[in-house]
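Take a look at the letters that make up each chain.
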Amino acid sequence: MLTIKRLDLQDARLLMEGACAKAREIGVPMCIAVADESGNLVSFERMNGGKITSVTIAQDKAYTAAAAKKATHEYNEKCVPGSLVFGIHTSMGGRLCVVGGGLPVEVDGQVVGGIGLSSGTPQQDMECAQAGIDHFLRVKAGV
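Engineer: Go over the overall build of the protein with me, naming the residues and quoting the values.
Structural biologist: Of the regular secondary structure elements, the protein holds 4 helices and 4 strands. Secondary structure elements of the protein occur, N-terminal to C-terminal, as α-β-β-α-α-β-β-α. Taking 2.2 N^0.38 as the reference for a compact globule, 143 residues should give roughly 15 Å; the C-alpha atoms of the protein span a radius of gyration of 14 Å, in line with that estimate. Looking at the protein residue by residue over its 143 residues, the buried ones come to 45%. Within the protein, counting contacts between residues at least 6 apart in sequence, those at least 24 apart form 65% of the total. Approximately 7,400 Å² of the protein is accessible, and the part contributed by carbon and sulfur atoms is 54%. Here the protein carries 14 positive and 15 negative side-chain charges, and the mean point of each set is 3 Å from the other.

Engineer: Give a description of the state of the cysteines that names residues and reports values.
Structural biologist: Under the defined criterion, the tally for this structure stands at 0 disulfides. Between Cys20, a cysteine without a disulfide, and Cys128, which holds the nearest cysteine sulfur, the sulfur-to-sulfur distance is 8.9 Å. For Cys20, a relative accessible area of 5% corresponds to the buried category.

Engineer: Can you tell me about the pattern of salt bridges, naming the residues and giving the values?
Structural biologist: A complete count under the given rule lists 8 salt bridges for this structure. A salt bridge links Asp125 to Lys61; the nearest nitrogen and oxygen atoms lie 2.9 Å apart. Pair noted here: Asp125 is in helix α4 (residues 122–141) and Lys61 is in helix α2 (residues 54–67), with a separation of 64 residues, a long-range link. Here the two residues Asp125 and Lys61 agree in accessibility, since each one is buried. In this structure, a network of salt bridges that share partners links the residues Arg6, Asp36 and Glu37.

So, how was this worked out
Per chain, residue numbering runs from 1 following the sequence as it is written. For a predicted model such as this one, the threshold for reporting local features is a pLDDT of at least 70, and the threshold for listing and counting side-chain atom pairs is 80 or more; totals across whole chains, interfaces and linings nevertheless cover every residue. Hydrogens are left out, water is left out, and the side-chain values use all remaining heavy atoms of the structure. The helix count covers DSSP runs of H or I at least four residues long, the strand count covers runs of E at least two residues long, and both are numbered beginning at the N terminus. With C-alpha atoms as the basis for the radius of gyration, the globule rule is written as 2.2 Å multiplied by the number of residues raised to the power 0.38. When a residue's accessible area, from a 1.4 Å probe over protein chains only, is under 20% of the maximum for its type it is buried; when over 50% it is exposed; and in between it is partly exposed. The contact definition used throughout considers only heavy atoms, calling two residues in contact when any of these lie within 4.5 Å. Values of accessible area rely on a 1.4 Å probe in the Shrake-Rupley scheme; residue burial ignores everything except the protein chains shown. For the charge count, each Lys or Arg is scored as positive and each Asp or Glu as negative, with His and the chain ends excluded. Note that the charge is assigned to NZ on lysines, CZ on arginines, CG on aspartates and CD on glutamates. What counts as a disulfide here is a pair of cysteine sulfur atoms lying within 2.5 Å. Salt bridges are defined as contacts in which a side-chain nitrogen from Lys or Arg sits within 4 Å of a carboxyl oxygen from Asp or Glu.

That's the geometry; what it means functionally is another story.
Written as structure tokens, this is what we have:
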């Protein structure tokens, strides 16, 4: 029997709060998705002005980060012609995303979900995703 830690809706809202705050700070309206440890969507928000195409991309980033337990930019670094990983972005019905902006959410060394952002540059998406995680961890720690 497995005991699985998983993000709940309240956790997802904390992640969204932190990511939204950073997106507002940098002036880039984002699409933000939070997935549970299996990559299933828990929460989604498209900020006013978030790109239409980013709706699906953000969800795929969250899915990848959670289900594969790896940041999407880490796949990007390895997914080049000649690499044994090249082509992985075509797997999972095209859902595996190799564009920066998807980060796994870890609690006590265990991946409990993922957060994915899209609408900015990959670096902006990554920055806002990390801000969401940082906020979540601060609140959970009572800081």
